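# Structural features, examined
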Amino acid sequence: MEVRWARLVVAAAVAAVARPSPAPLGTGVDCELPARVRDNILRYRPQVDRIIEAALGDRHRHAAYNGLEDFVERFGARPSGSDELEAAIDFMKKKAEGDGFKVHTEEVMVPRWVRGEETLMMLSPRQKSMSILGLGTTIGTQQYPGGVLRAEAVVCDSFEEMEKLGEAKIAGKIVVFNDDFGDASDAPLTRYRSSNAYRTRSAARAACLGAVAVLVRSRTDYSLYTPHAGIQYYGNSTQIPAAAITVEDAHSIARHYARGRTVELLLKMSATTLPMRKSRNLIIDYGRPESTELVILSAHIDSWDVGEGALDNGDGVFINYQAVKLLKELGLMPHRTIRLAYWTGEEHGHIGGKQYVRQHEGDMDRLQMVIENDFGPFRPMGLRVNGSEGAACFVRHLTSMLGAANATSTGGSPALSEARHFSQRGVPAAALDVDQSRYYWYHHTEADTMDALDPHELDLCVATMAASVYVVADVADRVPR
């Protein structure tokens, strides 16, 4: 009894230190929030400043970058269903256990698609070898003689143009989609979202008109002859080969086609889908034993099979991990449990996140917020919010304190991956918002390596994430739903 009482006294003392003391208030935020809630948030300014200072100080400098570098060089790309992915999950599990966190895994069945060999040649009007990346879940060309498909190309700038041409001109052809990467006046994320249907749905739509394959101009606003991979969905349509080509080759084919020249292509792909394989979501908890509420830090640990998955989404794994490890080392134990959730199978359709929500449906009311990290590792600008006006105002007051990391902005409507499945159930969701001006240069390409990352920018992301999650996890008030 005396030992237990001593522990309670110590816990109470730690709680008193962790809870913010009154601080001078004042903010330029002009949204409406109850004064008590606003003041409770703003009293965390001393703790926020301390966290940011520590994240950027000598002791913790480049910790996320160094950890990620070791991780990437050990495992490289981590596609769904691969041995590399499972080894990477084991590595992070052991790492978290060694650092004293509570850890468990939850089994998830994931797809296992294997790219195989890929070749694209333009045979006429001149011969040229072209770079190609099959889109995830695509079939190959094994059904054709010698495993090779030869056909004329039809170039379309939009789905509407293809449908106007109709079956008479599309049937038996390879459709090349040379659509723009969204409106050039929009932000990169908006451009990606608005144009992504050409990657994900082009094979299904072209197959309905009798096309034998589709080649899709890569989803990027800048290219140095780099094709971009990604998922595509057949739905109930006839399955035809689907691949991404470079912006440069899409333009080249389009120029020939516009001059009335017959463009003949040779396509060889050996992609195949293997039986589903058992994988795992990795769950790492940091919190008090008596905690009944949660804040989830979301990132996916799988990647595509090209590049090394440093930017998508190894950085999210290590920024989130270092943020929580930093709080632990600073002795900042929030009153809600912070749950690091490392999802498996994200690139094939948010499989790990969807299953978690199904399995933990009864926990949705316990969730204070889900904060996702899957926009890239570049200079942080603040948080993006998906939720009520009250939730957005809550976060705006929070980010108003992040001036030391220059991350004071609050955007809206983030393109969430797994977090959207929580948001659909009423859970407030946010995402680390970063400067994405270079993100789609590397996204889903062989260039997704450590060379795309800057160590100081990762430190700033750690500072932003650690300060944000601590306030959300410790403040007395619930984020408005």
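Residues numbered from 1 in each chain as written. Predicted model: local features only at pLDDT ≥ 70, side-chain atom pairs only at ≥ 80, totals over all residues. Heavy atoms only, no water.

### Some details on the overall build of the protein
As a reminder, the rule being used: The way it works is that DSSP assigns letters per residue, a run of H or I at least four long becomes a helix, a run of E at least two long becomes a strand, and they are numbered from the N terminus. Radius of gyration here is computed from C-alpha atoms only, and the compact-globule reference equals 2.2 Å multiplied by the residue count raised to the power 0.38. The buried label applies to any residue whose accessible area, calculated with a 1.4 Å probe on protein chains only, is under 20% of its type's maximum; exposed applies above 50%, and partly exposed to all values in between. It only takes one pair of heavy atoms within 4.5 Å for two residues to be counted as in contact. Method for areas: the Shrake-Rupley scheme with a 1.4 Å probe, in which residue coverage is limited to the protein chains shown. All tallies of charge rest on Lys and Arg as positive and Asp and Glu as negative; His and the ends of each chain are not included. Charged side chains are reduced to one point each, which is NZ for Lys, CZ for Arg, CG for Asp and CD for Glu.
For the protein, the count of helices and strands is 17 helices and 16 strands. Taken over the C-alpha trace, the protein has a radius of gyration of 24 Å; the compact-globule value for 481 residues is 23 Å, and the two agree within 12%. Overall size of the protein, expressed as C-alpha extent along the three principal axes, is 85 × 45 × 40 Å. Residue burial in the protein is summarised as follows: out of 481 residues, 58% are buried. A sequence separation of at least 24 residues applies to 83% of the contacts in the protein between residues at least 6 apart. Surface exposure of the protein reaches about 19200 Å², of which carbon and sulfur atoms provide 49%. Each charge class in the protein can be summarised by its mean position, and for the 54 positive and 62 negative side chains these summaries are 2 Å apart.

### What to know about the nonpolar core
Under the convention used in this document: Side-chain atoms within 4.5 Å are what join buried Ala, Val, Leu, Ile, Met, Phe, Trp, Tyr and Cys residues into a set we call a nonpolar core.
Counting residues in each nonpolar core, the largest one holds 103 residues, and the members touching the most others are Phe71, Met92, Tyr342 and Phe422. A total of 12 residues in this core trace back to one element, the largest contributor, which is helix α17 (residues 455-474). Val155, Ala250, Ile253 and Met269 belong to the second largest nonpolar core, which has 22 residues in total.

### Digging into the state of the cysteines
Cut-off, in case you're wondering: In this description, a disulfide is simply a cysteine sulfur pair whose atoms lie within 2.5 Å.
Taken as a whole and assessed by the stated rule, the structure comprises 1 disulfide. Two residues share a disulfide in this structure: Cys31 and Cys393, whose sulfurs sit 2.0 Å from each other. As the torsion about the S-S bond is roughly 85°, the Cys31-Cys393 disulfide counts as right-handed. Note that Cys31 is positioned in the loop between α1 (2-18) and α2 (35-42) and Cys393 in helix α14 (residues 389-399), a separation of 362 residues in sequence. With a relative accessible area of 1%, Cys393 lands in the buried category.

### Let's talk about unusual backbone geometry
Pro125 follows Ser124 through a cis peptide bond whose omega is 15°. For Pro125, the position within the fold is in the loop between β2 (118-124) and β3 (128-130). Cis rather than trans, the peptide bond between Asp312 and Asn313 has omega equal to 10°. The residue Asn313 is located in helix α12 (residues 310-329) in this model. Within the chain, Tyr225 stands out as a residue other than glycine whose phi angle is a positive 60°.

### A look at the sheet that holds β3
Where we set the bar: A strand pair is defined by DSSP finding two or more bridges across the two strands. Note on geometry: axes are lines fitted to C-alpha atoms, helical ones only across the stretch in contact, with angles between N-to-C directions running from 0 to 180 degrees.
The strand order β3-β2-β9-β5-β6-β7-β8-β4 describes an open sheet built from 8 strands, whose pairing is mixed. Looking along the sheet, the strands with just one partner apiece sit at the ends: β3 and β4 (132-134). The mean inter-strand angle of the sheet, taken between neighbouring strand axes irrespective of direction, is 30°.

### Let's talk about helix α13 (residues 351-359)
Since the α-helix turns once every 3.6 residues, residues separated by three or four places project in the same direction. Among the residues of α13, those classed as buried are Ile351, Gly352, Gly353, Gln355, Tyr356 and Val357. Packing partners of the buried residues in α13 comprise β1 (102-114), β10 (272-286), β11 (294-300), β12 (337-343) and α15 (419-423).

### As for the side chain of Arg280
Test applied: Pairing of N or O atoms within 3.5 Å defines a polar contact, subject to two protein rules: one partner must be a possible hydrogen donor and the other a possible acceptor, and residues neighboring in sequence count only if both atoms are side-chain atoms.
Mapped onto the elements, Arg280 comes out in strand β10. On the accessibility criterion, Arg280 (15% relative accessible area) is buried. Within the structure, the side chain of Arg280 is placed 3.0 Å from the side chain of Glu86, a separation counted as a polar contact. Side-chain polar atoms of Arg280 contact the side chain of Asp90, separated by 2.7 Å. Discounting chain neighbours no more than four positions away, the residues touching Arg280 are Glu86, Ile89, Asp90, Thr105, Glu106, Glu107, Val108, Tyr342 and Thr344.

### Section: the packing of aromatic side chains
Going by this rule: Any two rings among Phe, Tyr and Trp, with Trp reduced to its six-membered ring, count as a pair given centres within 6.5 Å; such a pair is stacked if its planes are under 30 degrees apart, edge-to-face if over 60, and tilted if neither. A ring is scored as having a charge over it whenever the NZ atom of a lysine or the CZ atom of an arginine sits within 6 Å of its centre and within 35 degrees of its normal.
Applying the stated criterion to the full structure yields 19 aromatic pairs. A ring pair is formed by Tyr44 and Tyr470, whose centres lie 6.0 Å apart and whose planes are at 75°; its orientation type is edge-to-face. Taken together, the residues Tyr44 in the loop between α2 and α3 (45-56) and Tyr470 in helix α17 connect sequence positions 426 residues apart. Side by side, Tyr44 and Tyr470 carry an identical accessibility label, which is buried. Each ring, one from Tyr222 and one from Trp441, has its centre 4.7 Å from the other, and the planes form 40°; the classification is tilted. One end of the pair, Tyr222, is in the loop between β7 (213-217) and β8 (242-245); the other, Trp441, is in helix α16 (residues 439-442), with 219 residues separating them in the sequence. Classification of Trp441 by relative accessible area gives partly exposed; the value is 30%. Taking NZ or CZ as reference, Arg205 lies 4.1 Å from the ring centre of Phe159, over its face. Against the face of Phe101 rests Lys328, its NZ or CZ located 5.8 Å from the ring centre.

### Details of a positive patch on the surface
Quick note on the threshold: Residues forming no salt bridge and having over 30% relative accessible area are the ones grouped into patches, like charges within 9 Å of each other and nonpolar side chains (Val, Leu, Ile, Met, Phe, Trp, Tyr) within 5 Å. We define a salt bridge as a contact between a side-chain nitrogen of Lys or Arg and a carboxyl oxygen of Asp or Glu at a distance within 4 Å.
The grouping of Arg193, Lys354, Arg358 and Arg420 at the surface amounts to a positive patch. Among the secondary structure elements, Lys354 is positioned in helix α13. Under the relative-accessibility criterion, Lys354 is labelled partly exposed at 35%.

### With respect to the pairing of β2
When β2 meets strand β9 (residues 264-269), the two strands line up antiparallel, connected through 6 bridges. Bridging from a neighbouring strand, Glu118 pairs with Met269 of β9. Pairing geometry for β2 and β3, over 3 bridges, is antiparallel. Note that in β3 the partner of Leu120 across the bridge is Met130. Joining the antiparallel neighbours β2 and β3 is a turn of 3 residues.

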